[in-house]
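Letter by letter, the chains look like this.
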Amino acid sequence: MITNQVNTSDTAQWSGDDQEWWDWYMTLANNPPIDADTAEPAPAKPNTRAASDREVFTALDDPYELPSAATAFYRRNGYVRLPKVIPAQVIAALAARADQLLFDAHGTARPGRFLALEQLWRRDSLMLMVALSRRIGDIAAQLMGVDAVRLYHDNLLSKEPHCGRTPWHRDRDHYPLASTAVCTSWIPLHDVPAGMGPLACLPRAAVTAELLSIPVTVQDRSYDDRVAAELRSRGVAPDARPFEVGDVSFHAADTFHTAGVNRTTAPRRVLSSTYYEDGTRVIDQPTMLSGSWPDFLPGVEPGALASSHLNPVVGTAR
Ligand SMILES: O=C(O)CCC(=O)C(=O)O
């Protein structure tokens, strides 16, 4: 049987849309009191020209020289941050487009929320260049050591000012994919200082049997609470260093991660895509945590090969 790790009797399917899923999902995090009156400063706006569409395409198609030390780091720790993957001018073009897409979808009044727009690659040419980027897809294939990767979905994530923590989780409990070769890119659209909630991954060496035995629940905050308590009891903290423009992080689906509160006055914006090894199957029993997965694998039944017209091969270990 192909399964995932959600230890819950609640195997109901998610019936809302993707934004509703995120609104619900963020309630699974335990949060410190968030004082909207004491915001930290947002990072300075970069004084950079935005790249043209052609320049964006060229930069995202050009292979990246992946150092072997970075691959070794990823395999040892379950994540890696790579510097200077995307030029600042390309990020400036993507940030401007992301701003427009979020405005069109949500307007401006959204403090405290976590906004997500998925499958933008299907309707926006710049977002398509990111999700199907050979540069990013090749890095994913090389880090995982697989011949080829397919796209699961893309994401534009906007953690709005005063939005709380992202709950502790492992993506393998979300994605209905029966493979360990699944990873997600995390591309900040600006500098992300500590107070803005950078992605925070837990190195594999800090993962104990106790941590792995905590049951994943969809009913309340107990999973987030228990993971945090278990790490606190050992004095262990995730890698929550700030990000700079151009940095791209990749994390494996079995990596524990979270992200802090956005205590600044600006939204924390990220583009993210998930890739999996070509040849992967869907698990037999997707759950609520898998969200609206049939939207990303249309026509694919549980247990079947995860390959639809929305899952092109985007990278190889060339
Ligand atoms: O951006 C965040 O706060 C969380 C993102 C995340 O969990 C992921 O990309 O897997």
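Here we summarise the structure given alongside this text. All of these numbers come straight from a predicted model, not from anything done at the bench. (Residues numbered from 1 in each chain as written. Predicted model: local features only at pLDDT ≥ 70, side-chain atom pairs only at ≥ 80, totals over all residues. Heavy atoms only, no water.)

## Considerations on the packing of aromatic side chains
- For the coordinates displayed, the defined rule picks out ten aromatic pairs.
- Ring centres of tryptophan 24 and tyrosine 25 lie 6.4 Å apart, and the angle between their planes is 55°; on these two criteria the pair is classed as tilted.
- Plain terms: the ring middles of tryptophan 186 and phenylalanine 243 are 4.9 Å apart, the flat faces sit at 50° to each other, and that makes the pair tilted. Taken together, the residues tryptophan 186 in strand β5 (residues 182–188) and phenylalanine 243 in the loop between α8 (222–233) and β7 (248–252) connect sequence positions 57 residues apart.
- When its relative accessible area of 4% is taken as the criterion, tryptophan 186 is described as buried.
- Clustering of aromatic rings is evident, with ring pairs tying together Trp21, Trp22, Trp24, Tyr25 and Phe114.
- Here the basic side chain of arginine 81 rests over the ring of phenylalanine 243, its NZ or CZ set 3.9 Å away from the ring centre. (Phe/Tyr/Trp six-rings, centres within 6.5 Å; stacked < 30°, edge-to-face > 60°. Helix = DSSP H or I, 4+ residues; strand = E, 2+ residues; numbered from the N terminus. Buried < 20%, exposed > 50% of the residue type's maximum accessible area, 1.4 Å probe, protein only. Lys NZ or Arg CZ within 6 Å of the ring centre and 35° of its normal.)

## Details of empty space enclosed by the protein
- Summed over all chains, the structure comprises three cavities of 30 Å³ or more.
- Counted as a void, the largest cavity has a volume near 380 Å³.
- Of all the secondary structure elements, the ones that give two or more residues to the lining of the largest cavity are α1 (18–25), β2 (114–118), β3 (148–159), β4 (166–169), β5, β8 (257–259) and β9 (268–277).
- Residues that form the lining of the largest cavity fall into these classes: twelve nonpolar, 14 polar and four charged.
- Quantified by volume, the second largest cavity comes out at close to 110 Å³. (1 Å grid on protein atoms, 1.4 Å probe; cavity = no way out; pocket = protein on both sides within 12 Å on 5 of 7 lines; lining within 4 Å. Points joined across faces, edges and corners; volume = space filled by probe spheres on them. Nonpolar A, V, L, I, M, F, W, Y, C, P; charged D, E, K, R; others polar.)

## What to know about the layout of surface pockets
- Estimates place the volume of the largest pocket at around 430 Å³.
- Contributing to the lining of the largest pocket are 19 residues, with Lys45, Pro46, Ala95, Leu189 and His190 lying nearest its centre.
- Per element, the largest residue contribution to the lining of the largest pocket is six residues, and it comes from helix α4 (residues 88–106).
- Here the residues of the lining of the largest pocket are counted per class, giving 14 nonpolar, two polar and three charged.
- Of the voids in this model, the second largest pocket is the one considered here, and its volume is about 380 Å³.

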